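These are the residues of each chain, in order.
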Amino acid sequence: MEANSILPVLKKKLAFLSGGKDRRSGLILTIPLNSDQTSMEELSATLDYLLSIPSDKCKARGFTVIVDGRRSQWNIVKTVVLMLQNVIPAEVSLVCVVKPDEFWDKKVTHFCFWKEKDRLGFEVILVSANKLTRYIEPCQLTDDFGGSLDYDHSDWLNKRLVFEKFTKESTALLDELTIINDSEKSASGDKDKSTDGALLPSLDPETVLQNEMLWLSSWSPPAPAWCPMDEELLAQPQVMKLLDSLRERYTKYQELCRQRNKRAQLDEIHAKVMQVVNWLQGPGSELLKTQQTIGDSMRAAQALQQKHEEIESQHSEWFAVYVELNQQIAALLSTGEEEEVAELKALQQQLSDVCYQQASQLETRQNVLQAAQAFHSTTQELSQQLDGLLGMLCVDVSPADGTSIQQNLKLLEEKLQTVEAGLSSLRQKGTLVLEQMCGQSSWSLEEAESPPGEHQENVQHVQAVMEEMELRKQRCEDMVDVRRLKMLQMVQLFKCEEDALQAVEWLSELLDALLKTHVRLGDDSQETRTMLDKHKKFVDVAQSTYDYGRQLLQATVVLCQSLRCTTRSSGDTLPRLNRVWKQFTVSADERQQRLELALNFHTIAERVLQQQHVEVESLDEVDSSGRTLLDRLALPIIFPDGYKHTFTFFFFYYNFFFMCGTQMYE
């Protein structure tokens, strides 16, 4: 009986094998009754199907039947128990009737199952759901009876349908393979018999085997997961035995098919091998002999590369055939007969030698073309770099400012370094292309006559290009040296001009400080003498600044003469420097004279103040020196350009000297 034939009945879950076991390791059969009228025929069919699943060994341990009557009537429960006598009397060890918490008590007295044990053939007990664990472990009971065993009836039914489908397909496929193998054996002796009408199985054996293995693996969950159809419920030994038989028949079927096709494969392989060898040694070799040059430019090298790719494309088709043939020969060598192995090895060796030789020549030619393209590309780039450098050198440098000159100088140095790096790369790639051409020349000379002049022309062309680039680079380098010197002189020129302007600014600042801050003459002779010393040092600093500016302007004149350009300082910076210096010298001299007059006044005044009896002549001398100083302070400084500058401290000193004179008279 198949589940598919009573599928609607099985879906009702009138009875089921949960996978649980009693304490005697017997399977537990559960019959869940409900208030609806239960069809005894459907229940009987369900029990017949369920009892056909376990193995005989499992059946021998007996069943424990749980009749769940909590939601059913007593007469239905009694009918089901009596029906078990007819359906499975020998296999039932114990029937547990789960009663509701109340009712039935009076009705049970009319029919005592324990009195009918001998007639029924099994023991029947009435038990409440919460006391069912006295007879069965909780882990073997489903949650309907307070147990922990999981059971999904829909999942069980779906897997059962799949199991029966696989079993049916496997059995049918096994029978088909047996018929096909027997017919192939009878026809194997007739070599001329056509194999076009060979029998084929209706199902793909590989698919069937794979599906069944997947199905078996899906029914082997790790413990302690629930497995409702374990080895006993699934009859796995029977399934494995069926799979082993199927594999054995399928293996024989494959072997017969291989033997049937072996001879045809050998003949086909021999024809294809000779076809590949003849083309490679004939048209293929002739195509390579015509390709020896490397071109004289990047465009020519690219055209040669494109032609070579076309030749490679033609060879690739035959190399693909070679790979396929080599795989076929290797497969036949592992399964071929002893007399066939020698022929296959000879064909394989001949095919490999010819293909490897031709592939080596293609690779060598490809390497030559790649090296030639790299050489021509580098030559083109280097030529453009040299042209750019030469163009930059041919443009005259017009002095603008030191920063722009330094930037141009930096750019010039970078371009020269780029040219040097490009020439070094050209030497490396030229050496590489010469080495690659030597390799190409070696195998081309081994073939039929190949013009040796082409190789020599290629070598001479590469060497000539490298020498030309060396000469161009050397000429540019010489011009760069001259331009570098000129630009460095320009940088120095602008630097001298900037420093000269800075010297003018410094001298102007010194003049401004002299006129605005150097106005005090001291309160006594010692302070005035100190200020006089500081003034001399201040004048020395100004003199050094002026001399530094003059030297810078003289250097500017020399650099302009060297660069053949008009001086930039003589028209503006030099007059400014001289004007400021003249103003400073006038102011410094005036400051010097005033400090000396102030020193003379303080010296005479201090000497008079130290005398106990002051003579009139001494007072007259003090008065005379003081008035001379005041008259000097009242005079403005007149610069060469007519500008006048008056010190603002004149009245302060006038009052000071007046107080000093009054004190001495007293």
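What counts and how
- Residues numbered from 1 in each chain as written.
- Predicted model: local features only at pLDDT ≥ 70, side-chain atom pairs only at ≥ 80, totals over all residues.
- Heavy atoms only, no water.
- Phe/Tyr/Trp six-rings, centres within 6.5 Å; stacked < 30°, edge-to-face > 60°.
- Helix = DSSP H or I, 4+ residues; strand = E, 2+ residues; numbered from the N terminus.
- Buried < 20%, exposed > 50% of the residue type's maximum accessible area, 1.4 Å probe, protein only.
- Lys NZ or Arg CZ within 6 Å of the ring centre and 35° of its normal.
- Expected span 1.5 Å × (residues − 1).
- Polar contact = N/O pair within 3.5 Å; in protein donor to acceptor, adjacent residues only side chain to side chain.
- Salt bridge = Lys/Arg side-chain N within 4 Å of Asp/Glu carboxyl O.

Student: What should I look at first to understand the packing of aromatic side chains in this one?
Tutor: We describe a pair of aromatic rings using the distance from one ring centre to the other and the angle between the two ring planes. The full count for this structure, using the stated rule, is six aromatic pairs. An angle of 10° between the planes, with centres 4.7 Å apart, marks the rings of Tyr546 and Trp581 as stacked. In this pair, Tyr546 sits in helix α14 (residues 525-563) while Trp581 sits in helix α15 (residues 573-610), placing the two residues 35 residues apart along the sequence. A centroid spacing of 5.8 Å and a plane angle of 15° characterise the contact between Trp581 and Phe584, whose relative ring orientation is stacked. Taken as a pair, Trp581 and Phe584 lie in helix α15 at a separation of three residues, close to a single helical turn. By relative accessible area, Trp581 is classed as buried at 12%. Here Phe584 falls in the buried class, since its relative accessible area comes to 0%. Chaining the aromatic ring pairs together yields one cluster made of Phe538, Tyr546, Trp581 and Phe584. When the ring centre of Phe16 is taken as reference, the NZ or CZ atom of Lys13 above it lies at 4.9 Å.

Student: Please explain α14 as it appears in this structure.
Tutor: Since the α-helix packs 3.6 residues into each turn, any two residues three or four apart lie on the same face. Here α14 spans 57 Å end to end across 39 residues, near enough to the 57 Å set by a 1.5 Å rise per residue. Among the residues of α14, the N-terminal cap falls to Asp524, whose side-chain oxygen and the backbone nitrogen of Gln526 are separated by 3.3 Å. Once α14 finishes, Arg564 follows within two positions and takes phi at roughly 60°, a positive value.

Student: How should I be thinking about the pattern of salt bridges in this particular structure?
Tutor: A side chain with one charge may pair with a side chain of the opposite charge, provided their charged atoms come close. Applying the stated criterion across every chain yields a total of 20 salt bridges. Among the salt bridges present, the one from Asp499 reaches Lys495, with a minimum N-O distance of 3.7 Å. A residue pair is termed a helical-turn pair when its members lie 3 or 4 positions apart in one helix, as Asp499 and Lys495 do in helix α13 (residues 452-516) at four residues. Overlapping salt bridges, with partners in common, bring together Arg520, Asp523 and Glu527 in one network.

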